[in-house]
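Take a look at the letters that make up each chain.
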Amino acid sequence: MRILKRGPPHPAGRRCIFVDAESVRYDPEGVKIVLTAPRGEMSRYNGDPFGAFIAVFPEKVIPRPILRPEWFRPEDRADGSAKFLPYGLRKVESLLLRHFPREEVVACHPDNLERFVGPKTKVVGITSMDPMGLAYVSVTYNSMIAVPGESVDALEFRRVIENPALRRYDPTIILGGAGAWQVRHAGKVEEFGIDVLVHGEGELTVTDVFKSAVAGSPLPKEVHGSKVPIELIPPIASAASYGVVEITRGCGRGCQFCSPTNRRRHSLPIPHILNEVETNVRAGSDSIFFATEDLFLYECGPKFEPNGPALVRLIESVGNVPGVEFIHLSHIAIAPVAYDPKAVEMISPLLLEKTRYTHEYRHEYKDPFVTALFGIESGSIRIMKKYMRGKIWPYPIERYHEVNVQGAGILNDNGWKPMATMISGWPDETPDDTVQSLELIDKLRGHDLFLVPLLFIPLEDTKLKNERRVSLDQLTAEQWDFFAESWRFNIDVWAKEMQPLLTFASLFSYFAYFRWKHGTKVFRPIMKIANLPVLAGMPEKFPPGGPASVNPRYCADDEAMISKVAGTVSIPGGPALQEPATPIEILQRR
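Residues numbered from 1 in each chain as written. Predicted model: local features only at pLDDT ≥ 70, side-chain atom pairs only at ≥ 80, totals over all residues. Heavy atoms only, no water.

A. A look at the overall build of the chain. When you go through the chain residue by residue, the secondary structure sums to 21 helices and 16 strands. With 590 residues in all, the chain has 59% of them scored as buried. For the chain, contacts bridging at least 24 residues in sequence account for 81% of all contacts bridging at least 6. Approximately 24,400 Å² of the chain is accessible, and the part contributed by carbon and sulfur atoms is 55%. (Helix = DSSP H or I, 4+ residues; strand = E, 2+ residues; numbered from the N terminus. Buried < 20%, exposed > 50% of the residue type's maximum accessible area, 1.4 Å probe, protein only. Contact = heavy atoms within 4.5 Å. Areas by Shrake-Rupley, 256 points an atom, 1.4 Å probe, with all protein chains shown as cover.)

Have a look at this one:
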């Protein structure tokens with residue numbers, strides 16, 4: 001093994017070591033620990049992070065022969081290890097390299113498993129976001145398209161699990177990632193031969209699980225990570241897909257359908273972030289993707305007030321790294337935008353300078369724009385009070401429509417065209433709740449947004465995990481209209497010139513397929529997407545229901561594990577941060 005470069009001295013006395021994996025000589029009889037992921041999650045989709053959504057659709061609609069040449073081909077180093085890997089798996093790799101020699105840990109594309117898995121292989125670690133196709137987008141659009149068979153992601157996960165090398169040598173299989181719960185939910189743990197499911201943050205737990213597996217010690221069936229102190233979050237040692245770097249972790253707004261709210265809120269210090277940026281750039285990535293639950297949480301105030309100067313320092317620091325041509329954003333929240341438009345004004349020119357979304361990238365983009373995803377989720381004040389009371393703190397939830405409309409306008413004025421998720425089918429959703437969502441969509445007309453309508457899914461590690469999942473057969477007329485209005489909105493904003501083609505496609509699909517799959521109840525929504533007149537009017541609005549309070553759930557600290565791990569990992573420290581504010585501390589600013 002050859003050291004490629006040593007980083008600057010670590011404040012705690014260590015140095016950050018970067019390894020040139022191309023010089024590693026792996027044992028031809030099998031590498032002790034092998035890390036991998038399904039093809040769809042290994043791909044960088046030509047540098048467009050939103051291209052990954054194609055893998056949630058049925059494999060019969062998006063067949064693999066079409067995908068593989070362009071999106072699913074391996075990107076390997078000379079020794080066969082993966083040049084890019086999902087960010088979470090890179091974190092696992094970084095943790096393992098603190099305890100195992102480099103030649104005993106390999107991260108590879110699933111096409112190369114038979115090259116690295118052999119009689120000496122003890123453990124295969126797999127990560128997956130959506131192994132059974134049970135995530136929001138997968139369930140929503142697979143059920144609507146109603147084509148039999150698995151999603152692309154689910155099929156590719158199955159191909160990993162059924163790889164002949166895993167069957168031949170029978171290593172211990174550890175599955176982690178946001179979708180690990182899905183395998184248990186589907187009753188497939190034993191069938192797939194998975195030994196351990198790992199959930200949540202892994203910095204305090206992953207190393208011990210792999211050590212036990214290598215030693216042949218008894219293993220628990222499932223492991224749940226606890227909240228992780230910021231100083232125990234390691235930097236990645238090799239490049240991540242899309243050039244992902246984590247800038248914040250956790251949220252604290254207390255939404256009951258979401259798991260990141262259970263995680264301690266951190267802002268990673270700029271030296272740590274730049275370490276990961278440089279790791280990605282050295283591997284050839286020209287783009288950096290900010291992983292965060294909300295960009296405006298970065299060094300924010302105790303009541304979620306945006307910190308414009310800190311955001312400017314972050315973006316300028318990353319943008320000035322030689323080789324960084326583009327900066328992508330994952331998520332934002334809309335309340336900070338409305339609360340402090342000045343912060344948006346400060347960062348927008350910097351982000352527009354580094355956006356990929358320009359006329360040169362796609363001819364239909366007339367002007368450059370910045371995009372990110374935020375959650376509207378529902379227009380019902382009753383639903384918001386019951387399940388997401390802190391969604392727009394420090395504003396009262398009664399101002400939900402106003403804050404979303406105002407925030408969307410501010411973003412548009414500063415060159416943003418964001419995406420926004422909206423959910424229907426909440427556990428006790430009434431027709432009036434759905435009508436209020438339709439009213440909010442109507443108020444947003446005239447803004448440049450892309451709406452992503454979804455069905456409610458009771459995800460693991462959330463307060464609503466035991467609630468029912470709505471099916472298409474249970475959708476009301478108002479809920480079908482919610483989906484139609486959302487896509488009507490998108491067509492008007494993004495594809496108005498394609499309306500004649502969409503009209504033909506909508507009518508053809510209805511008469512040739514959808515009326516047989518979903519019945520005549522989908523005729524009115526199809527007509528709306530086709531932009532043809534319908535006879536039925538919207539039902540009258542009912543009075544809203546009474547409010548219901550919630551108590552945000554936070555994971556417990558595991559002090560024993562923190563003490564155990566603290567002596568083995570460390571990263572540069574940043575300024576002390578306050579714990580997320582509790583609901584009682586959140587007051588409307590005057």
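B. Looking closely at the sheet that holds strand β13 (residues 326-329). The strand order across the open sheet built from three strands is β9-β12-β13, with neighbouring strands paired in parallel fashion. Of all strands in the sheet, those bounded by a partner on one side alone are β9 (244-246) and β13. Along the sheet, successive strands turn relative to each other by an average axial angle of 30 degrees, direction set aside. The strands touched by helix α11 (residues 270-282) are β9 and β12 (287-291); relative to β9, the strand with the most contacts, the crossing angle is about 170 degrees. (Pairing = 2+ DSSP bridges. Axes fitted to C-alpha atoms, helices over the stretch in contact; angles between N-to-C directions.)

C. Structural detail: a nonpolar patch on the surface. A surface patch of nonpolar side chains, about 450 Å² in accessible area, is lined by Met-498, Leu-501, Phe-504 and Phe-508. Structurally, the position occupied by Phe-504 is in helix α19 (residues 499-518). (Patch = residues over 30% accessible without salt bridge, like charges linked within 9 Å, V, L, I, M, F, W, Y side chains within 5 Å. Salt bridge = Lys/Arg side-chain N within 4 Å of Asp/Glu carboxyl O.)

D. Spotlight on the sheet that holds strand β7 (residues 196-199). Strand order in the open sheet made by the six strands is β4-β3-β5-β6-β7-β8, with parallel pairing throughout. Strands with a single pairing partner mark the edges of an open sheet, and in this sheet they are β4 (105-107) and β8 (222-224). Pairwise comparison of adjacent strand axes, ignoring direction, gives a mean angle of 20 degrees for this sheet.

E. The arrangement of helix α10 (residues 206-215) in detail. All buried positions along α10 are accounted for by Val-206, Thr-207, Val-209, Phe-210, Ala-213 and Val-214. An end-on view of α10 places all buried positions within 165 degrees of arc, on one side of the element. In the core, the buried residues of α10 are packed alongside β3 (33-36), α3 (87-96), β5 (123-127), β6 (172-176), β7 and β8. (Arc of directions from axis to C-beta.)

F. Quick peek at the packing of helix α5 (residues 136-145) against helix α18 (residues 477-494). Between α5 and α18, the shortest axis-to-axis distance is 14 Å and the interhelical angle comes to 100 degrees. On the basis of the axis angle, α5 is roughly perpendicular to α18. Here Thr-140, Tyr-141 and Met-144 of α5 come into contact with α18, specifically with Trp-480, Phe-483 and Trp-487. (Parallel < 35°, antiparallel > 145°, perpendicular 65-115°, else oblique.)

G. View of the nonpolar core. Counting residues in each nonpolar core, the largest one holds 117 residues, and the members touching the most others are Ile-194, Phe-290, Val-318 and Trp-416. No other element matches the six residues that helix α12 (residues 308-319) contributes to this core. Among residues more than four places away in sequence, those in contact with Trp-416 are Leu-295, Leu-329, Ile-332, Val-344, Ile-347, Ser-348, Leu-351, Val-370, Ala-372, Leu-411 and Asp-448. Within the second largest apolar cluster, 23 residues are counted, among which are Phe-100, Val-123, Ile-174 and Val-223. (Core = buried A, V, L, I, M, F, W, Y, C linked by side-chain atoms within 4.5 Å.)

H. Broad picture of empty space enclosed by the protein. Counted under the stated rule, the structure contains two cavities of 30 Å³ or more. The volume enclosed by the largest cavity comes to roughly 80 Å³. The dominant element in the lining of the largest cavity, judged by the number of residues it contributes, is β13, at three residues. In terms of residue class, the lining of the largest cavity is built from seven nonpolar, three polar and no charged. (1 Å grid on protein atoms, 1.4 Å probe; cavity = no way out; pocket = protein on both sides within 12 Å on 5 of 7 lines; lining within 4 Å. Points joined across faces, edges and corners; volume = space filled by probe spheres on them. Nonpolar A, V, L, I, M, F, W, Y, C, P; charged D, E, K, R; others polar.)

I. Structural context of unusual backbone geometry. Here the bond from Trp-393 into Pro-394 is cis, since omega is 10 degrees, no more than 30 degrees from zero. Secondary-structure assignment places Pro-394 in the loop between α15 (381-387) and α16 (400-413). Phi at Asn-531 takes a positive value of approximately 65 degrees, unusual for a residue other than glycine. Assignment of secondary structure puts Asn-531 in the loop between α20 (523-529) and α21 (559-566).

J. Spotlight on the pattern of salt bridges. Throughout the structure, instances matching the rule amount to 31 salt bridges. Linking Arg-158 and Glu-191 is a salt bridge whose minimum nitrogen-to-oxygen distance equals 4.0 Å. Of this pair, Arg-158 sits in helix α6 (residues 152-161) while Glu-191 sits in helix α9 (residues 189-192), placing them 33 residues apart in sequence. Several salt bridges share partner residues, and in doing so they unite Asp-442, Arg-445, Asp-481, Glu-485, Arg-524 and Lys-528 into one network.

K. Quick peek at the packing of aromatic side chains. Under the criterion given, the structure shown has 20 aromatic pairs. Relative to Phe-456, the ring of Trp-426 lies with its centre 5.4 Å away and its plane at 35 degrees, an arrangement referred to as tilted. In this pair, Trp-426 is assigned in the loop between β15 (419-424) and α17 (431-443) and Phe-456 in the loop between β16 (450-455) and α18, connecting sequence segments 30 residues apart. There is no split in this pair, since Trp-426 and Phe-456 are both buried. Each ring, one from Phe-482 and one from Phe-483, has its centre 5.2 Å from the other, and the planes form 80 degrees; the classification is edge-to-face. Linked through ring pairs, Tyr-357, Tyr-361, Tyr-365, Phe-369, Phe-450, Trp-487 and Trp-494 together constitute an aromatic cluster. (Phe/Tyr/Trp six-rings, centres within 6.5 Å; stacked < 30°, edge-to-face > 60°.)

L. Representation of the environment of Asp-461. Structurally, the position occupied by Asp-461 is in the loop between β16 and α18. Looking at Asp-461, the relative accessible area reads 31%, which means it is partly exposed. Taking C-alpha positions, Asp-461 is 8.2 Å from Gly-200, a pair spaced 261 residues apart along the chain.

M. Just the pairing of β5, in detail. Counted residue by residue, β5 has five buried out of five residues, so it is predominantly covered. Along β5, one buried face is formed by Val-123, Gly-125 and Thr-127 and the opposite face, lined by Val-124 and Ile-126, is buried too. As defined by bridge partners, β5 adjoins β6 across five bridges and the pair is classed as parallel. Bridge pairing links Val-124 to Ile-173 in β6.

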